[in-house]
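Listed below, chain by chain, are the residues.
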Amino acid sequence: MERISERVETRPVAEYGNWHRLGIAEAIEGLGTSLRGLSTQEAESRMKKFGPNALRRKRKRSALTLFAGQFRDFMVLILIVAAAISAVIGNLTDTIIIMAIALLNAILGFFHEYKADRAVEELRKLAEPWTNVIRDGQIREIASTGLVPGDLVLLETGTIVPADLRLCEIHSLRIGEASLTGESAPVDKVTKPIGNAHTAIGDRLNMAYKGTVVVFGRGRGIAVRTGMNTEIGRISGLLQEKAVPTPLQRRMAEVGKRLAYVVVIVCVLLFGIGIMRGEEPVRVLLVALSLAVAAIPEALPAVTAISMAIGARRLVRKNALIRRLPAVETLGAVSFICTDKTGTLTQNKMTVESISPYAAPLSLHSALDPLECAMLLNNDTRLSSEGTWKGDPTEIALVEHIGKRYSTDIILQLRTSLPRLAEIPFDAERKCMTTIHPLGAGYVALSKGASEVIAAKLAKEYDRNEILGQAGDMAAGGCRVLAFAYRLLQQLPEDAAAFGDVEEDLKYIGLVGLIDPPRPEVKKAIHDCTTAGIHPVMITGDHVKTATAIARQLDMLPGDNKVVTGEQLAAMPQADLGQMVEKISVYARVSPEQKLRIVRTLQGKGHFVAMTGDGVNDAPSLKAANIGIAMGRAGTDVSREAADMILMDDNFATIVNAIKEGRRIYDNIRKFFKYIMTCNSAEILTVFMAPLLGLPIPLLPVQLLWINLVTDGLPALALASERAEPDIMTRPPRQAAESLFSAGLGWHIARIGLLMAAVTLGTQAFATGAGFPRTQTMVFTVLSLSQLGHVLAIRSDHEFIFRQRISSNLPLYGALFLTFLLQMAVIYIPFCNALFRTQPLSLAELLTCLALSSIVFHAVEVEKWVHKKRSGFKTNVL
Ligand code: ATP
């Protein structure tokens, strides 16, 4: 038999497709591997030969394309036209300086976009999936990209198959292959060889293909092809990833476009008025063009994207991994968090709290009673090389409990003497699982699951109500309760259909109660939610009493809020749910499908919903939620793929932190929006009003462009680093569809823009009237510095500047200082004087400029004071 390496080198690609025809042993031999997996060394050498197991992406934008892209901007084109006009009228200095400004603009834009691209790329890498493989005979978790042909891969419910696999072990394994074959019904898999070379992909039942989804059961398979050699790799070609603008970016672009129309009209009017006043047409045209460039806020969408990308990077440090960038901006609008209980609100560190065996006539071991045996046998935990148990925390608790009284050897010996021959795996929908073991001449099926589920499957002789009552008492203390039962079988069920009967007419073995304490930080996080106007809701598969007890411990069930079970929910008409939904704090024993209904109903009431989920069936509700949140540790690939955000520590408190961060980022985006829009309107008003007031055009084109470069540049971006406002988590969430101009922002722009223009024009009128020789330089300086004063004042929406520490936003002070120095350079360095037609100001003039330009700063501080007074007044009155 040939080995894979020879195959790959000597055979054409079309012939690789025959793995389904081989028996498991042949496939293993052909791939040069074994059931102990590859050795690390062999895997490394294969990695060199086959490369990473990844679908190739379309090449990212290279730095050069990114840079060239900056010149495709409409504004840059206008600048080039302006430079050309200057050249035509013989003003070469202006041409050079306009071109230099265009270049500087492009460089700044390039750096910003490059930084944002890098942040997004980093996030993508972090979100790459992991796979369980067997290497050197041990289970290892490796990045899926590290898989090589011959690796033995473990599959479980919710796994996205990481490579093309020849299956060698299956337990009720069912795979959804819609992504590959378009067939929506999941396929039951087999391990025996099948078909011929022409068997269609969808019929190769012993294969699992990269990108398909394990919807039920578990299994193992040997990787036969990886990366671009997989079926999906061959048909999909290169992965295209289009950067879609976020809703906020789209709204920014929309506002920018509308403002552009206004600016164009103003510029045309300005040109007309200038001509009527007998000014030189070309000069007026240049001013009009420069005004267009300065006043159109073309940088807004880009700066928004950058601050979100940087925000996403900060969120990673807080354990929240953003998979889709718009989630950063929408986090701040969340009004309901629907969260799982186990692992998110609780620690997922279970311990057996109480145990209630029933005298069952079953003997499985000489020392262990039937309940203990069932706890060990109906259990997927594995002993790691370090001697600890690995697997589902609920099941670990069961083995560890018995491990306290018996040695590990006894446990392992029991498992070897009664090996698992078949199983119906656990799934959140059915809430139970069954394993089948040999017993004497026949078999025993051991079932465990939620108490109601097992009770419903018990033989008639048992008093179900008594068992449920006992389980209810255990649950009322906050315990998760598992019921155990068995059934003797004459023969093994042959196919999947026959498995169903195994879980009927069961004999009772007993109950086990497990406690899973709440995470200590969650109580405060719940409290923070409440003050921030966010409703936390628990949605759990657990018993209603367990859920209620935990909710009470966490103060999640205030006043008249309600607890609803899945059963009640199923019977509840939609209209009633609509009426109640805002008052329900706990949903217990719900199935993943019902989560979708809850999300939709809340959204129907105008809420913005964050929803957590970890299972394969949670994917639809994660997609439907405004923010779908998956678990980094306990979640399935499928849920992670469907989510907008991944909690790297599975912790509820992380969601609340992320919301806080999301609110901060949105606040800061609004701040630079406020800043840029106010500055731009001041520029328009200044240049437009001057001729109407009988004043000459106050600023030269290069001066306007300078102001634009300076304002749209450093200080605006530094606002994105602003810390959270003190009231960030004491105010209600913003409305998702809220206008960018809401909460008085539009008025601020109009008021302060007008004031800034008035101060500038006032300076011009005063200086002209008083016969100052350096009027234009003064006007130029006042407008520039007023903008710096403005940025300083709007650091906080409500807090006075003296309440803010400089250290809390050093980049902003750095940017301000630099911009101030640059402005001084433009005024005082002779070379710059020539370029910008400025003249050095005397000390008195400079101080006058400083005093005048601080008016805007003071006005914004007074605005805050008035606002504080007014809201204080309102609260007093109420
Ligand atoms: P939450 O949604 O709060 O995270 P959960 O997802 O942990 O809860 P499930 O895992 O769906 O809830 O469990 C639901 C019920 O199924 C549990 O109350 C328990 O009775 C039962 N159960 C949980 N794990 C197992 C298991 N490994 N074997 C059998 N039954 C189980």
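Definitions and limits used
Residues numbered from 1 in each chain as written. Predicted model: local features only at pLDDT ≥ 70, side-chain atom pairs only at ≥ 80, totals over all residues. Heavy atoms only, no water. Helix = DSSP H or I, 4+ residues; strand = E, 2+ residues; numbered from the N terminus. Buried < 20%, exposed > 50% of the residue type's maximum accessible area, 1.4 Å probe, protein only. Pairing = 2+ DSSP bridges. Axes fitted to C-alpha atoms, helices over the stretch in contact; angles between N-to-C directions. Contact = heavy atoms within 4.5 Å. Near = heavy atom within 4 Å. Polar contact = N/O pair within 3.5 Å; in protein donor to acceptor, adjacent residues only side chain to side chain. Core = buried A, V, L, I, M, F, W, Y, C linked by side-chain atoms within 4.5 Å. Parallel < 35°, antiparallel > 145°, perpendicular 65-115°, else oblique. Left-handed = near helix turned anticlockwise from the far one by under 90°. Nonpolar A, V, L, I, M, F, W, Y, C, P; charged D, E, K, R; others polar. Patch = residues over 30% accessible without salt bridge, like charges linked within 9 Å, V, L, I, M, F, W, Y side chains within 5 Å. Areas by Shrake-Rupley, 256 points an atom, 1.4 Å probe, with all protein chains shown as cover. Salt bridge = Lys/Arg side-chain N within 4 Å of Asp/Glu carboxyl O. Lys, Arg positive; Asp, Glu negative; His and termini not counted. Charge placed at Lys NZ, Arg CZ, Asp CG, Glu CD. pLDDT = per-residue confidence, 0-100. Expected span 1.5 Å × (residues − 1).

Enquirer: Is there a simple way to think about the overall build of the protein chain in this case?
Expert: A tally of helices and strands in the protein chain yields 33 helices and 23 strands. For the C-alpha atoms alone, the extent of the protein chain along its principal axes is close to 115 × 80 × 45 Å. Taking all 878 residues of the protein chain together, the buried fraction comes to 54%.

Enquirer: What's the story with the sheet that holds strand β13 (residues 422-424) in this structure? I'm lost.
Expert: Backbone-to-backbone hydrogen bonds pair the strands of a sheet. The strands run either parallel or antiparallel. With antiparallel pairing, the 6 strands of this open sheet are ordered in space as β10-β17-β16-β15-β14-β13. For this open sheet the edge positions go to β10 (351-357) and β13, each flanked by a neighbour on one side alone. The mean angle between the axes of side-by-side strands here comes to 20°, regardless of whether they run parallel or antiparallel. Contacting β10, β14 (432-439), β15 (442-450), β16 (480-489) and β17 (507-515), helix α14 (residues 393-403) crosses the sheet at an angle of about 70° to β10.

Enquirer: It is not clear to me how the side chain of Arg-135 should be interpreted in this structure. Could you clarify?
Expert: Its location among the elements puts Arg-135 in strand β1 (residues 130-135). You can call Arg-135 buried: its relative accessible area is 10%. Residues contacting Arg-135, with those up to four places away along its chain left out, are Arg-36, Leu-38, Ala-43, Arg-140, Ile-142, Gly-146, Leu-147, Val-148 and Asp-151.

Enquirer: Explain unusual backbone geometry here, please?
Expert: Peptide bonds are, in most cases, trans, and in most cases residues other than glycine have a negative phi. Backbone geometry at Asn-348 places phi at a positive 55°, although glycine is not the residue there. Structurally, Asn-348 can be placed in the loop between β9 (336-339) and β10. One non-glycine residue, Arg-837, lies in the positive phi region at around 50°. By the secondary structure assignment, Arg-837 is in the loop between α32 (830-836) and α33 (843-877). Taking the relative accessible area as the measure of exposure, Arg-837 reaches 31% and is therefore partly exposed.

Enquirer: Whenever I open this one, the site of the ligand confuses me. Can you help?
Expert: The full set close to the ligand counts 20 residues, and Lys-341, Thr-342, Arg-480, Thr-540 and Asp-542 are the nearest of them. Contacts to the ligand include Asp-392, whose side-chain N or O atom sits 3.2 Å from a nitrogen atom.

Enquirer: What is the right way to read the nonpolar core from this model?
Expert: Inside soluble globular proteins, nonpolar side chains tend to come together where they are buried. By size, the foremost hydrophobic cluster in this structure holds 133 residues, and its most contacted members are Ile-337, Phe-652 and Phe-673. Dropping the residues within four chain positions of it, Phe-652 is found in contact with Ile-337, Thr-339, Thr-344, Leu-345, Val-522, Ala-525, Ile-526, Cys-529 and Pro-536. Judged by nonpolar contacts, the second largest core, of 30 residues, contains Met-350, Leu-418, Leu-446 and Ile-509.

Enquirer: Can you help me understand the sheet that holds strand β8 (residues 320-322) in this one?
Expert: Read from one edge of the open sheet, 8 strands run β8-β23-β22-β21-β9-β18-β20-β19, paired in mixed fashion. The sheet is open, and its two borders are formed by β8 and β19 (562-565), each paired with just one other strand. Averaged over all pairs of adjacent strands, the angle between their axes in this sheet comes to 20°, without regard to strand direction. Both strand β21 (residues 609-613) and strand β22 (residues 627-631) contribute to a ladder of 4 bridges, which runs parallel. Along β22, the bridge assignment pairs Gly-613 with Ala-630.

Enquirer: Explain the environment of Gly-233 to me, please; I cannot follow it from the model alone.
Expert: Its place among the elements puts Gly-233 in helix α8 (residues 231-236). As a C-alpha pair, Gly-233 and Asn-53 span 180 residues in sequence and 10.0 Å in three-dimensional space. The contact partners of Gly-233, leaving out residues within four places of it in the chain, are Leu-55, Gly-227 and Met-228.

Enquirer: When you look at the environment of Gly-69 in this model, what are you seeing that I'm missing?
Expert: Along the chain, Gly-69 turns up in helix α4 (residues 63-70). Look at Gly-69 and you get partly exposed, because its relative accessible area is 23%. Taking C-alpha positions, Gly-69 is 9.6 Å from Gly-109, a pair spaced 40 residues apart along the chain.

Enquirer: Can you walk me through the pairing of strand β2 (residues 138-143) in this structure?
Expert: Put simply, side chains in a regular strand alternate between the two faces of the sheet. Sheet analysis places β1 next to β2, joined by 6 bridges and oriented antiparallel. Counted as the bridge partner of Val-133 is Arg-140 from β2. Hairpin connection from β1 to β2: 2 residues lie between these consecutive antiparallel strands, with Asp-136 at a positive phi of about 55°.

Enquirer: Please clarify how the packing of α4 against helix α6 (residues 92-126) should be interpreted in this entry.
Expert: In a packed pair of helices, the relevant descriptors are the angle between the two axes and the axis-to-axis distance. It is the contact of α4 with α6, at a shortest axis distance of 8 Å, that shows an interaxial angle of 135°. Classified by the interaxial angle, the pair formed by α4 and α6 is oblique. Handedness of the α4/α6 crossing: right-handed. Here Ala-63, Leu-66, Phe-67 and Gln-70 of α4 lie close against α6, whose contacting residues are Leu-103, Ala-106, Ile-107, Gly-109, Phe-110, Glu-113, Tyr-114 and Asp-117. Considering only residue class, the contact of α4 with α6 consists of 8 nonpolar, 2 polar and 2 charged.

Enquirer: What should I look at first to understand the packing of helix α26 (residues 652-692) against helix α30 (residues 775-793) in this one?
Expert: The interhelical angle for the contact between α26 and α30, taken along N-to-C directions, is 155°, at an axis separation of 10 Å. Comparing their axes, α30 and α26 come out roughly antiparallel. Viewed along their axes, α26 and α30 form a crossing whose handedness is right-handed. Residues Lys-674, Tyr-675, Thr-678, Cys-679, Ala-682 and Glu-683 of α26 form the contact with α30, whose participating residues are Leu-783, Gln-787, His-790 and Val-791.

Enquirer: Explain a nonpolar patch on the surface to me, please; I cannot follow it from the model alone.
Expert: Nonpolar side chains collect at one region of the surface, where Leu-77, Ile-80 and Met-99 lie side by side and expose about 240 Å² of accessible area between them. Tracing the backbone shows Leu-77 in helix α5 (residues 74-88).

Enquirer: What is the right way to look at the side chain of Thr-565 in this model?
Expert: Checked against the element boundaries, Thr-565 lands in strand β19. The contact partners of Thr-565, leaving out residues within four places of it in the chain, are Val-544 and Ala-588.

Enquirer: Looking at this structure, I do not really get a negative patch on the surface. What am I missing?
Expert: On the surface, Glu-461, Asp-501, Glu-504 and Asp-505 cluster together into a patch of negative charge. Topologically, Glu-504 is positioned in the loop between α18 (496-502) and β17.

Enquirer: Sorry, what's going on with the confidence of the model for the protein chain here?
Expert: Low-confidence regions, as indicated by low pLDDT, have predicted coordinates that should not be scrutinised in detail. Confidence in the prediction for the protein chain averages 85 pLDDT; 94% of positions are at 70 or higher. Here residues 1-15 is modelled with pLDDT under 50, and outside its nearest four sequence neighbours on either side it reaches 27 contacts, counting other chains as well. Here residues 873-878 scores under 50 on pLDDT; set against residues more than four positions off or in separate chains, the count is 0 contacts.

Enquirer: It is not clear to me how the pairing of strand β20 (residues 584-588) should be interpreted in this structure. Could you clarify?
Expert: Among the 5 residues in β20, 5 count as buried, and that is most of the element. Note: strand β18 (residues 535-539) against β20, 2 bridges, orientation parallel. Bridging from a neighbouring strand, Ile-539 pairs with Tyr-587 of β20. Across 4 bridges, the pairing between β19 and β20 is parallel. Note that in β20 the partner of Val-563 across the bridge is Val-586.

Enquirer: Sorry, what's going on with helix α10 (residues 281-295) here?
Expert: An α-helix turns once every 3.6 residues. As a result, residues three or four positions apart point the same way. Spanning 15 residues, α10 covers 21 Å between terminal C-alpha atoms, matching the ideal 21 Å at 1.5 Å per step. The buried count for α10 comes to 11 of 15 residues, which makes it a mostly enclosed element. The complete set of buried residues in α10 reads Val-284, Leu-286, Val-287, Ala-288, Leu-289, Ser-290, Leu-291, Ala-292, Val-293, Ala-294 and Ala-295.

Enquirer: Sorry, what's going on with the pattern of salt bridges here?
Expert: Oppositely charged side chains can pair when the atoms bearing their charge come close. In this structure the tally under the stated criterion is 39 salt bridges. Of the charged contacts, one joins Arg-480 and Asp-542 as a salt bridge, the two residues approaching to 3.1 Å between their closest N and O atoms. With Arg-480 in strand β16 and Asp-542 in the loop between β18 and α20 (544-553), this residue pair connects regions lying 62 residues apart in the sequence. For Asp-542, a relative accessible area of 3% translates into the label buried. Through salt bridges with shared partners, one network takes in Lys-341, Glu-452, Arg-480, Asp-542 and Arg-589.

Enquirer: Any chance you could explain the environment of Asn-196 here in plain terms?
Expert: Along the chain, Asn-196 falls in the loop between β5 (187-188) and β6 (207-208). In this structure the C-alpha to C-alpha distance between Asn-196 and Leu-22, which are 174 residues apart in sequence, comes to 9.9 Å. Once you skip the residues sitting within four places of it in the chain, Asn-196 turns out to touch His-20 and Arg-21.

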